[in-house]
Number of protein chains: 2
Amino acid sequence: MHAEPTAVLKMLADPTRRALFERLSREGEMTVHALTDPSGVSQPAISKHLGALKHVGLVRGRRDGRETYYRAEPKALAPLIDWISFYSTFWHHRFDRLEALLKRMDP
Amino acid sequence: MHAEPTAVLKMLADPTRRALFERLSREGEMTVHALTDPSGVSQPAISKHLGALKHVGLVRGRRDGRETYYRAEPKALAPLIDWISFYSTFWHHRFDRLEALLKRMDP
DNA sequence: ACAAACCATAGCCAAATGGTTATTGATCGT
DNA sequence: ACGATCAATAACCATTTGGCTATGGTTTGT
(Lines give C-alpha, C1' and ligand atoms only; values in the text may rest on other atoms or scores of the structure.)
Protein backbone atom coordinates (compact mmCIF):
# COMPACT_ATOMS: atom_id res chain seq x y z
CA MET A 1 0.00 0.00 0.00
CA HIS A 2 0.98 3.55 -0.89
CA ALA A 3 4.08 2.77 -2.92
CA GLU A 4 6.84 5.20 -3.85
CA PRO A 5 5.43 7.79 -6.23
CA THR A 6 8.84 9.28 -7.03
CA ALA A 7 9.38 7.46 -10.32
CA VAL A 8 5.90 8.27 -11.62
CA LEU A 9 6.20 11.92 -10.57
CA LYS A 10 9.57 12.23 -12.29
CA MET A 11 8.08 10.89 -15.50
CA LEU A 12 5.11 13.24 -15.49
CA ALA A 13 7.14 16.28 -14.45
CA ASP A 14 8.67 16.61 -17.91
CA PRO A 15 6.24 18.39 -20.29
CA THR A 16 7.33 16.49 -23.40
CA ARG A 17 6.94 13.17 -21.65
CA ARG A 18 3.65 14.10 -20.06
CA ALA A 19 2.37 15.22 -23.47
CA LEU A 20 3.15 11.75 -24.82
CA PHE A 21 1.25 10.12 -22.01
CA GLU A 22 -1.67 12.52 -22.45
CA ARG A 23 -1.82 11.93 -26.18
CA LEU A 24 -1.76 8.16 -25.75
CA SER A 25 -4.45 8.49 -23.11
CA ARG A 26 -6.67 10.56 -25.39
CA GLU A 27 -6.10 8.93 -28.73
CA GLY A 28 -5.26 5.35 -27.80
CA GLU A 29 -2.58 3.25 -29.43
CA MET A 30 -0.12 5.13 -31.64
CA THR A 31 3.16 4.55 -33.45
CA VAL A 32 6.39 6.33 -32.55
CA HIS A 33 6.19 8.08 -35.89
CA ALA A 34 2.74 9.50 -35.20
CA LEU A 35 3.86 10.62 -31.75
CA THR A 36 7.01 12.26 -33.08
CA ASP A 37 5.22 14.20 -35.79
CA PRO A 38 3.81 17.23 -33.94
CA SER A 39 5.98 16.97 -30.85
CA GLY A 40 8.66 19.45 -31.83
CA VAL A 41 11.46 17.07 -30.85
CA SER A 42 13.37 14.38 -32.73
CA GLN A 43 12.35 10.75 -33.08
CA PRO A 44 15.23 9.49 -30.91
CA ALA A 45 14.14 11.85 -28.16
CA ILE A 46 10.61 10.47 -28.37
CA SER A 47 11.91 6.91 -28.33
CA LYS A 48 14.00 7.66 -25.27
CA HIS A 49 11.03 9.18 -23.45
CA LEU A 50 8.85 6.24 -24.39
CA GLY A 51 11.55 3.93 -23.06
CA ALA A 52 11.53 5.80 -19.76
CA LEU A 53 7.74 5.75 -19.53
CA LYS A 54 7.77 2.06 -20.35
CA HIS A 55 10.34 1.45 -17.64
CA VAL A 56 7.94 2.65 -14.94
CA GLY A 57 4.98 0.94 -16.59
CA LEU A 58 3.17 4.08 -17.76
CA VAL A 59 3.15 2.85 -21.35
CA ARG A 60 3.37 -0.46 -23.14
CA GLY A 61 4.86 -1.10 -26.58
CA ARG A 62 3.65 -3.59 -29.16
CA ARG A 63 5.93 -4.26 -32.10
CA ASP A 64 4.19 -4.81 -35.41
CA GLY A 65 6.52 -5.16 -38.34
CA ARG A 66 8.72 -2.11 -38.50
CA GLU A 67 6.36 -0.04 -36.37
CA THR A 68 5.90 0.00 -32.62
CA TYR A 69 2.51 0.87 -31.25
CA TYR A 70 2.48 2.37 -27.78
CA ARG A 71 -0.45 2.66 -25.45
CA ALA A 72 -0.97 4.38 -22.11
CA GLU A 73 -1.15 2.26 -18.98
CA PRO A 74 -3.03 4.42 -16.46
CA LYS A 75 -2.81 1.60 -13.93
CA ALA A 76 0.75 2.74 -13.32
CA LEU A 77 -0.58 5.97 -11.84
CA ALA A 78 -1.76 4.04 -8.81
CA PRO A 79 1.21 5.08 -6.61
CA LEU A 80 0.48 8.73 -7.31
CA ILE A 81 -3.22 8.38 -6.65
CA ASP A 82 -2.46 6.41 -3.50
CA TRP A 83 -0.13 9.17 -2.36
CA ILE A 84 -2.74 11.86 -2.84
CA SER A 85 -5.31 9.64 -1.23
CA PHE A 86 -3.12 9.00 1.80
CA TYR A 87 -2.27 12.63 2.43
CA SER A 88 -5.76 13.86 1.72
CA THR A 89 -6.47 12.90 5.33
CA PHE A 90 -4.08 15.56 6.53
CA TRP A 91 -5.14 18.13 3.96
CA HIS A 92 -8.82 17.65 4.34
CA HIS A 93 -9.35 19.87 7.33
CA ARG A 94 -7.65 22.85 5.76
CA PHE A 95 -8.31 22.44 2.06
CA ASP A 96 -11.96 23.11 1.48
CA ARG A 97 -11.86 22.58 -2.27
CA LEU A 98 -10.23 19.16 -1.95
CA GLU A 99 -13.45 17.38 -1.20
CA ALA A 100 -15.11 18.88 -4.24
CA LEU A 101 -12.14 18.03 -6.41
CA LEU A 102 -12.07 14.44 -5.24
CA LYS A 103 -15.76 14.12 -5.93
CA ARG A 104 -15.22 15.48 -9.42
CA MET A 105 -12.77 12.65 -10.04
CA ASP A 106 -15.42 10.03 -9.40
CA PRO A 107 -18.72 11.33 -10.67
CA MET B 1 -9.55 25.34 -15.51
CA HIS B 2 -6.94 22.56 -15.48
CA ALA B 3 -3.80 24.67 -15.09
CA GLU B 4 -0.24 23.57 -15.84
CA PRO B 5 0.77 20.88 -13.36
CA THR B 6 4.42 20.89 -14.45
CA ALA B 7 5.73 23.10 -11.65
CA VAL B 8 3.91 21.17 -8.94
CA LEU B 9 5.02 17.83 -10.36
CA LYS B 10 8.63 18.97 -10.50
CA MET B 11 8.47 19.97 -6.85
CA LEU B 12 7.00 16.68 -5.68
CA ALA B 13 9.27 14.56 -7.87
CA ASP B 14 12.26 15.19 -5.62
CA PRO B 15 12.17 12.88 -2.58
CA THR B 16 13.80 15.34 -0.18
CA ARG B 17 11.39 18.06 -1.19
CA ARG B 18 8.37 15.80 -1.10
CA ALA B 19 9.41 14.62 2.37
CA LEU B 20 9.36 18.24 3.54
CA PHE B 21 5.89 18.74 2.16
CA GLU B 22 4.72 15.47 3.69
CA ARG B 23 6.14 16.32 7.07
CA LEU B 24 4.53 19.75 7.05
CA SER B 25 1.27 18.12 5.99
CA ARG B 26 1.40 15.62 8.84
CA GLU B 27 2.80 17.71 11.64
CA GLY B 28 1.67 21.20 10.75
CA GLU B 29 3.78 24.33 11.17
CA MET B 30 7.50 23.77 11.73
CA THR B 31 10.74 25.72 11.80
CA VAL B 32 13.56 25.23 9.32
CA HIS B 33 15.65 23.88 12.14
CA ALA B 34 13.12 21.21 13.03
CA LEU B 35 12.81 20.27 9.38
CA THR B 36 16.55 20.09 8.87
CA ASP B 37 17.17 17.91 11.89
CA PRO B 38 16.33 14.40 10.66
CA SER B 39 16.47 15.17 6.94
CA GLY B 40 19.98 14.00 6.26
CA VAL B 41 20.85 17.14 4.30
CA SER B 42 22.25 20.52 5.29
CA GLN B 43 20.23 23.48 6.47
CA PRO B 44 20.98 25.53 3.33
CA ALA B 45 19.69 22.67 1.20
CA ILE B 46 16.48 22.64 3.21
CA SER B 47 16.13 26.40 2.92
CA LYS B 48 16.60 26.18 -0.84
CA HIS B 49 13.96 23.47 -1.14
CA LEU B 50 11.57 25.45 1.02
CA GLY B 51 12.19 28.47 -1.19
CA ALA B 52 11.31 26.40 -4.26
CA LEU B 53 8.19 24.98 -2.64
CA LYS B 54 7.19 28.48 -1.56
CA HIS B 55 7.72 29.75 -5.10
CA VAL B 56 4.99 27.45 -6.43
CA GLY B 57 2.78 28.06 -3.43
CA LEU B 58 3.09 24.61 -1.85
CA VAL B 59 4.31 26.10 1.44
CA ARG B 60 4.07 29.40 3.23
CA GLY B 61 6.66 30.89 5.58
CA ARG B 62 5.96 32.96 8.67
CA ARG B 63 8.92 34.75 10.20
CA ASP B 64 8.92 34.95 13.98
CA GLY B 65 12.05 36.46 15.44
CA ARG B 66 15.01 34.52 14.20
CA GLU B 67 12.92 31.48 13.30
CA THR B 68 10.78 30.88 10.24
CA TYR B 69 7.76 28.65 10.58
CA TYR B 70 6.66 26.90 7.41
CA ARG B 71 3.33 25.28 6.74
CA ALA B 72 1.99 23.18 3.87
CA GLU B 73 -0.46 24.77 1.46
CA PRO B 74 -2.35 21.86 -0.10
CA LYS B 75 -4.41 24.32 -2.13
CA ALA B 76 -1.44 24.51 -4.47
CA LEU B 77 -1.99 20.88 -5.42
CA ALA B 78 -5.11 21.90 -7.33
CA PRO B 79 -3.40 21.81 -10.77
CA LEU B 80 -2.23 18.26 -10.13
CA ILE B 81 -5.60 17.07 -8.88
CA ASP B 82 -7.28 18.83 -11.79
CA TRP B 83 -4.94 17.06 -14.18
CA ILE B 84 -5.70 13.63 -12.77
CA SER B 85 -9.37 14.50 -12.63
CA PHE B 86 -9.37 15.64 -16.25
CA TYR B 87 -7.71 12.53 -17.61
CA SER B 88 -9.73 10.21 -15.45
CA THR B 89 -12.45 10.74 -18.03
CA PHE B 90 -10.31 9.06 -20.65
CA TRP B 91 -9.05 6.36 -18.32
CA HIS B 92 -12.27 5.51 -16.68
CA HIS B 93 -13.59 3.15 -19.32
CA ARG B 94 -10.35 1.21 -19.52
CA PHE B 95 -9.00 1.37 -15.98
CA ASP B 96 -11.20 -0.75 -13.80
CA ARG B 97 -9.18 -0.29 -10.66
CA LEU B 98 -9.35 3.48 -10.90
CA GLU B 99 -12.89 3.56 -9.71
CA ALA B 100 -12.02 1.58 -6.62
CA LEU B 101 -9.01 3.77 -5.93
CA LEU B 102 -11.00 6.95 -6.29
CA LYS B 103 -13.68 5.61 -4.00
CA ARG B 104 -11.01 4.92 -1.43
CA MET B 105 -10.04 8.58 -1.64
CA ASP B 106 -13.53 9.78 -0.83
CA PRO B 107 -15.23 7.28 1.44
C1' DA C 1 27.74 43.90 25.02
C1' DC C 2 28.54 39.87 22.90
C1' DA C 3 28.42 35.07 21.80
C1' DA C 4 25.37 31.74 20.09
C1' DA C 5 21.47 30.35 17.32
C1' DC C 6 18.59 30.60 13.26
C1' DC C 7 17.90 31.23 8.51
C1' DA C 8 18.97 32.91 3.85
C1' DT C 9 22.18 33.74 0.23
C1' DA C 10 26.31 33.11 -2.54
C1' DG C 11 29.46 30.41 -4.87
C1' DC C 12 30.91 26.14 -6.18
C1' DC C 13 30.70 21.29 -8.03
C1' DA C 14 29.32 16.52 -9.64
C1' DA C 15 25.75 14.16 -11.51
C1' DA C 16 21.49 13.83 -13.87
C1' DT C 17 18.62 15.37 -17.57
C1' DG C 18 16.83 16.36 -22.10
C1' DG C 19 18.12 17.31 -26.29
C1' DT C 20 20.90 16.63 -30.71
C1' DT C 21 23.14 13.97 -34.92
C1' DA C 22 24.82 9.59 -36.70
C1' DT C 23 24.14 4.91 -37.21
C1' DT C 24 22.24 0.33 -37.18
C1' DG C 25 18.76 -3.27 -37.73
C1' DA C 26 14.69 -4.64 -39.34
C1' DT C 27 10.73 -4.52 -42.48
C1' DC C 28 8.04 -2.86 -46.28
C1' DG C 29 6.88 -1.50 -51.12
C1' DT C 30 8.13 -1.54 -55.81
C1' DA D 1 16.71 -7.08 -55.04
C1' DC D 2 16.96 -2.85 -53.23
C1' DG D 3 15.86 1.75 -51.77
C1' DA D 4 12.98 3.82 -48.36
C1' DT D 5 10.84 3.88 -43.84
C1' DC D 6 10.52 3.03 -38.92
C1' DA D 7 12.39 2.58 -34.40
C1' DA D 8 16.15 1.94 -31.21
C1' DT D 9 20.81 2.77 -29.80
C1' DA D 10 25.20 5.19 -29.39
C1' DA D 11 27.87 9.06 -28.62
C1' DC D 12 27.97 13.52 -27.46
C1' DC D 13 26.68 18.18 -25.50
C1' DA D 14 24.56 22.11 -22.77
C1' DT D 15 21.80 23.03 -19.03
C1' DT D 16 19.59 22.03 -14.87
C1' DT D 17 19.58 20.11 -10.47
C1' DG D 18 20.60 19.00 -5.78
C1' DG D 19 24.00 18.91 -2.82
C1' DC D 20 27.96 21.14 -0.21
C1' DT D 21 30.80 24.93 2.47
C1' DA D 22 31.27 29.64 3.68
C1' DT D 23 29.30 33.77 4.97
C1' DG D 24 26.15 37.42 6.33
C1' DG D 25 22.17 39.40 8.82
C1' DT D 26 18.97 39.16 12.65
C1' DT D 27 17.51 37.94 16.94
C1' DT D 28 18.03 35.81 21.37
C1' DG D 29 20.01 34.74 25.90
C1' DT D 30 23.40 35.69 29.34
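Residues numbered from 1 in each chain as written. Chains lettered and ligands numbered in written order. Predicted model: local features only at pLDDT ≥ 70, side-chain atom pairs only at ≥ 80, totals over all residues. Heavy atoms only, no water.

1. A closer look at the protein's contact with DNA strand C
For step 1, the next point in the chain: Near DNA strand C you find 22 residues, and of these Ser42, Lys48 and His49 of chain A together with His33 and Ser47 of chain B are the closest.
For step 2, the next point in the chain: Take the atoms of DNA strand C that sit within 4 Å of the protein: sugar and phosphate atoms are 64% of them.
For step 3, the next point in the chain: The contact in question runs from a phosphate oxygen of DNA strand C to an N or O atom on the side chain of serine 42 of chain A, over 2.6 Å.
For step 4, the next point in the chain: Glutamine 43 of chain B places a side-chain nitrogen or oxygen 2.8 Å from a base nitrogen of DNA strand C.
For step 5, the next point in the chain: Counting only elements with at least two residues in the surface near DNA strand C, the list comes to helix 2 (15-27) and helix 4 (43-55) of chain A together with helix 3 (32-36), helix 4 (43-55) and strand 3 (67-72) of chain B.
For step 6, the next point in the chain: Looking at the surface near DNA strand C, its residues break down into six nonpolar, nine polar and seven charged. (Near = heavy atom within 4 Å. Polar contact = N/O pair within 3.5 Å; in protein donor to acceptor, adjacent residues only side chain to side chain. Helix = DSSP H or I, 4+ residues; strand = E, 2+ residues; numbered from the N terminus. Nonpolar A, V, L, I, M, F, W, Y, C, P; charged D, E, K, R; others polar.)

2. A word on the sheet that holds strand 2 (residues 59-64) of chain B
Neighbouring strands of a sheet are bound in pairs by backbone hydrogen bonds; such pairs are parallel or else antiparallel.
Residues and elements named next belong to chain B.
For step 1, the next point in the chain: Spatially, the three strands line up as an open sheet ordered 1-3-2, and their pairing is antiparallel. Each having just a single partner strand, strand 1 (30-31) and strand 2 make up the two edges of the open sheet.
For step 2, the next point in the chain: Judged from the two bridges that link them, strand 1 and strand 3 form a sheet pairing that is antiparallel. The residue of strand 3 that forms the bridge with methionine 30 is tyrosine 70.
For step 3, the next point in the chain: Sitting on the sheet, helix 2 (residues 15-27) is in contact with strand 1, strand 2 and strand 3, with an inclination near 85° to strand 3. (Pairing = 2+ DSSP bridges. Contact = heavy atoms within 4.5 Å. Axes fitted to C-alpha atoms, helices over the stretch in contact; angles between N-to-C directions.)

Function cannot be read off these values alone, since they describe shape.
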